[in-house]
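# Descriptive structure summary
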Amino acid sequence: MVIDILDLIFTLVLVALVFAALTSPFESLSWWAGWMGDETGEEDDEIEEEVEVLDDQTAEITPYKQFVVYLTGIAGISGEEYLPEERAFLDTLKEKLDNAYLVDDIYPYSVTNQALTGQRVLSGFWKWVARKKLEGGRAGMLVNLRNVLQVLVSADSRYGPMFSYGTASIIIKALNRHGYPFGSGIPVTLIGYSGGGQMSISSIKPLTVAIRAPVRVISLGGVMSSARSLNAVEHLYHLCGDKDGVQRIGPILFPGRWKVARFSVWNRLKRARMITIVPMGETVGHNGAGGYLDDQTTFPDGVTYFDFTVAKVSSLINDPPHLKNMLQIEPEAS
Amino acid sequence: MTSEFLRLMRILVLICTLFLLTMVVIAQTDVPATPTLTPEAAIEEFREVFDPVAQDDSVKYVLSIAFLPILILAGLSDAAAQSVVLFANRVKPARFALLIFVNVLTFIFGYFVWVFSIWVYMKVFVEVELALPYIIIAVGLAYLPLMFSFLSIIPYFGNYIYSGLLIFSFLVIAQNMQLFFELPTTQAYMSALFGLVFTQVLRLTVGRPIIFIFQKFRDLVAGTRFESSVERALSRAQKTSQEN
């Protein structure tokens, strides 16, 4: 009897999982096909035109030398509500940045920047999940699962290109909202935490083409494939702690990250020193206690993991090491 | 009337037996072999029912039709799996449904090409003329795994699932050729492989005008120039937006 019930539960969970997986690509696909009313991929093709219009209006009024866009991890429900440690990280990072503007209102797991609790068919369900999550229940795992599926959509060679246009389009709209001077060539740095790493790298190419400025990526324990879009990156910094088992999914799951795939985008860029692996310490993990954003655990010198991460990320934004290398190389080349 | 009814019932029983047989063939490693349910025994039973009935031309015809539901379901599943190209081409919902229908027809056409190719192989290279209904069944059963093609919609892993199903389907054809016609293993695999090569040769030679007409028809249904790969559809969308 008990086995029968367990069997039934297992079957139901499996069916629900397969159903969720089967339906996961359709948000980005129907967006691209223009089936979503006002929010259509077709309209976003016109982003470049909008950008040109904005050129003259904003080119001279921004005091910032760089724009930084934060793409949250798979636990994200919306672009406004982050985990407390993520919120603290962003607030502290803002204070540490020199002449850089931080954009932190993006929800990268939806090509329409639509929060799970927003105008969706299942918004009621996600609101319930959000409530349970706040109460400390395990319902938050459902959000993780839903967003992991979106990461897989982004990494899929069939859906990925369309999804990447969607992500690029919400980033461009966010930059627009925050006064990014299009056409100025001001670099944009994407910070991708966890699954946000994949979202960052998949959007680089359409983003670079649209804003005509260099795009850098800082992956904070990012789970990343060897997306073709990476070809357009100026530099990728991949921050990873030795205890971070989540970021290790990338090199295992995606064949382009395997060492034998010598000519994959990832391995070619790595050889060209356009990808830098930044070790975060032997004891640093992905999230929670012992994770990158843990403000309780400390290194032997007394610095918390949180402060260390903020210092590392802010130094990579304020003083990117790859630019020094580029400066060193240029005189030799000439 | 009664004899017609009985004939129909026998055909239905036959189809059910075939389904059972396929399940056994597909999962023969998992199903414990019983004296009555080994693939060979099942084939024997099937022949006992089928051979006398197969003498009748109308039954052959009905049997070919009887496989259509399997083909249509497999075709629908396959069309759903391939629908990403329709989205990439920004096809509107009504045209989308029509194109799914066109894809199902193409899929069924591909099935008959494969059946024909195996018949040609046996006739030309082995100099044996196989009964076409048998080939229709042998290949038709191999299309059963493709009813799960829709699972390839699953992001990332779907690509591997689809490849697995195609390989599975190919192996079942070879297996069925062995079981139905008692061909040696090499011969059975060669006949199935020939089906693949033959289809490609047809595509590149005499099939070209047909493919051209089909593409024109598909463009007409899509209401735009239809690109058959996601990549080409995306780059065309970009070009169009730049031109505008």
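### Let's talk about the pattern of salt bridges
Residue and element names in this part refer to chain A. Under the definition given, this model contains twelve salt bridges over all chains. In this structure, the salt-bridge partner of aspartate 105 is arginine 177, at a minimum N-O distance of 3.3 Å. Of the two residues, aspartate 105 sits in the loop between β2 (100-103) and α6 (123-134) while arginine 177 sits in helix α8 (residues 160-177), which places them 72 residues apart along the sequence. According to the relative accessible area criterion, aspartate 105 is buried, its value standing at 17%. Taking the relative accessible area as the measure of exposure, arginine 177 reaches 47% and is therefore partly exposed. Within the structure, one salt-bridge network assembled from shared partners comprises Arg87, Asp91, Lys94 and Asp104.

### A word on helix α5 (residues 84-96) of chain A
Residue and element names in this part refer to chain A. Here α5 is 13 residues long and its end C-alpha atoms lie 19 Å apart, about the 18 Å a rise of 1.5 Å per residue gives. Listing the buried residues of α5 in full gives Glu86, Phe89, Leu90, Thr92 and Leu93. Looking at the buried residues of α5, the elements they touch are β1 (66-71), β2, β3 (188-193), β4 (215-220) and α12 (305-318).

### Things to note about the nonpolar core
Counting residues in each nonpolar core, the largest one holds 123 residues, and the members touching the most others are Val69, Leu175, Tyr180, Leu190, Ile211 and Leu230 of chain A together with Met177 of chain B. Sorting elements by how many residues they give to this core places helix α6 (residues 93-124) of chain B first, with 14 residues. Counting residues in each nonpolar core, the second largest holds 28 residues, with Phe89, Leu93, Tyr292 and Val310 of chain A among its members.

### Quick word on unusual backbone geometry
Residue and element names in this part refer to chain B. Positive phi, normally seen in glycine, also occurs at arginine 90, with a value near 55°. Among the structural elements, arginine 90 can be located in the loop between α5 (83-88) and α6. Relative accessible area serves as the criterion here: at 13%, arginine 90 is assigned to the buried category. A positive phi angle is found at tyrosine 156, which is not glycine, with a value near 65°.

### Thoughts on the environment of tyrosine 305 of chain A
All names here are of chain A. For tyrosine 305, the location among the structural elements is in helix α12. Overall, the relative accessible area of 4% leaves tyrosine 305 in the buried class. Residues tyrosine 305 and serine 28, spaced 277 residues apart in sequence, show a C-alpha to C-alpha distance of 36 Å. Those residues in contact with tyrosine 305 that lie beyond four places of it in its chain are Thr283, Val284, Gly290, Gly291, Tyr292, Asp294, Thr297, Thr298 and Phe299.

### A short note on the packing of aromatic side chains
One pass over the structure, following the stated rule, counts 32 aromatic pairs over all chains. A centroid spacing of 5.3 Å and a plane angle of 45° characterise the contact between tryptophan 32 of chain A and tyrosine 165 of chain A, whose relative ring orientation is tilted. Linking tryptophan 32 of chain A in helix α2 (residues 26-33) with tyrosine 165 of chain A in helix α8, this pair joins segments that are 133 residues apart in sequence. Per residue, the accessibility class of tryptophan 32 of chain A equals that of tyrosine 165 of chain A, and both read buried. One aromatic cluster in this structure is built from Phe116, Trp119, Tyr121, Phe125, Phe194 and Phe198 of chain B.

### With respect to the packing of α5 of chain A against α12 of chain A
Residues and elements named next belong to chain A. At their nearest, the axes of α5 and α12 sit 10 Å apart, and the two run at 45° to each other. Between α5 and α12, the angle falls in the class oblique. In this structure, the crossing between α5 and α12 has a hand that is right-handed. Contacts between α5 and α12 involve Glu85, Ala88, Phe89, Thr92, Leu93 and Lys96 from the former and Phe306, Thr309, Val310, Val313, Ser314, Ile317 and Asn318 from the latter. Among the residues forming the contact of α5 with α12, the class breakdown is seven nonpolar, four polar and two charged.

### A few points about the packing of helix α9 (residues 185-204) of chain B against helix α10 (residues 207-222) of chain B
Residues and elements named next belong to chain B. Axis separation between α9 and α10 bottoms out at 5 Å; the angle between their running directions is 75°. Regarding the angle of α9 to α10, the classification is roughly perpendicular. Along its contact with α9, which presents Leu202, Arg203 and Leu204, the element α10 presents Gly207, Arg208 and Ile211.

### Quick word on the interface of chain B and chain A
The interface is formed by 26 residues belonging to chain B together with 30 residues belonging to chain A. Here chain B meets chain A over a buried area of about 2,600 Å², counting both sides, of which 64% is carbon and sulfur. Three residues stand out in chain B for area buried against chain A, namely Phe87, Arg90 and Tyr156 of chain B, and they jointly supply 30% of the buried area on that side. One salt bridge in this structure joins glutamate 231 of chain B and arginine 228 of chain A, with 3.1 Å as the shortest N-O distance. Counting the contacts that link chain B with chain A gives ten residue pairs in polar contact (both at pLDDT 80 or more). Mapped by element, the contributors of at least two residues to the side of chain B that touches chain A are α5, α6, α8 (158-181) and α11 (230-243) of chain B. Here the element with the most residues in the side of chain B that touches chain A is α11 of chain B; it accounts for six residues.

### Observations concerning the confidence of the model for chain A
On average, residues of chain A score 86 in pLDDT, and 89% of them are at 70 or above. Between residues 329-334 of chain A, whose pLDDT stays under 50, and residues either more than four places distant or in other chains, the model counts zero contacts.

### Quick notes on a nonpolar patch on the surface
Residue and element names in this part refer to chain A. Where nonpolar side chains cluster on the molecular surface, the patch consists of Phe10, Leu14, Leu17, Val121, Leu122, Phe125, Trp128, Leu142 and Leu145 and spans about 880 Å² of accessible area. Of all the elements, helix α1 (residues 2-23) adds the most residues to the nonpolar patch, at three residues. Inspection of the secondary structure assignment puts leucine 142 in helix α7 (residues 140-155). The partly exposed category is assigned to leucine 142, whose relative accessible area is 36%.

### Structural notes on the pairing of β2 of chain A
All names here are of chain A. Relative to β2, β1 runs parallel, the two sharing four bridges. Residue pairing across strands places valine 69 opposite valine 103, the latter belonging to β2. Handedness of the crossover joining β1 and β2 through α5 is recorded here as right-handed.

### Quick word on the confidence of the model for chain B
Residues and elements named next belong to chain B. Taken over all residues, the pLDDT of chain B has a mean of 80, while the share at 70 or more is 74%. Here helix α1 (residues 2-26) is the element of chain B with the lowest mean pLDDT, 55, and α5 is the one with the highest, 93. What the predictor reports for the complex is a pTM of 0.82 with an ipTM of 0.84.

### What to know about α7 of chain A
Owing to its 3.6 residues per turn, the α-helix brings residues three or four apart onto one side. Residues and elements named next belong to chain A. For α7, which comprises 16 residues, the first-to-last C-alpha distance of 23 Å matches the rise-based estimate of 22 Å (1.5 Å per residue) to within 8%. All buried positions along α7 are accounted for by Gly140, Val143, Arg146, Asn147, Leu149, Gln150, Val151, Leu152, Val153, Ser154 and Ala155. Next to the buried residues of α7 lie α1, α2, α6, α8, α9 (196-211) and α10 (249-253).

Thresholds, definitions, all that
Residues numbered from 1 in each chain as written. Chains lettered and ligands numbered in written order. Predicted model: local features only at pLDDT ≥ 70, side-chain atom pairs only at ≥ 80, totals over all residues. Heavy atoms only, no water. Salt bridge = Lys/Arg side-chain N within 4 Å of Asp/Glu carboxyl O. Helix = DSSP H or I, 4+ residues; strand = E, 2+ residues; numbered from the N terminus. Buried < 20%, exposed > 50% of the residue type's maximum accessible area, 1.4 Å probe, protein only. Expected span 1.5 Å × (residues − 1). Contact = heavy atoms within 4.5 Å. Core = buried A, V, L, I, M, F, W, Y, C linked by side-chain atoms within 4.5 Å. Phe/Tyr/Trp six-rings, centres within 6.5 Å; stacked < 30°, edge-to-face > 60°. Axes fitted to C-alpha atoms, helices over the stretch in contact; angles between N-to-C directions. Parallel < 35°, antiparallel > 145°, perpendicular 65-115°, else oblique. Left-handed = near helix turned anticlockwise from the far one by under 90°. Nonpolar A, V, L, I, M, F, W, Y, C, P; charged D, E, K, R; others polar. Buried area = accessible area lost by both parts, 1.4 Å probe. Polar contact = N/O pair within 3.5 Å; in protein donor to acceptor, adjacent residues only side chain to side chain. pLDDT = per-residue confidence, 0-100. Patch = residues over 30% accessible without salt bridge, like charges linked within 9 Å, V, L, I, M, F, W, Y side chains within 5 Å. Areas by Shrake-Rupley, 256 points an atom, 1.4 Å probe, with all protein chains shown as cover. Pairing = 2+ DSSP bridges. Right-handed = clockwise from strand over helix to strand, strands pointing away.

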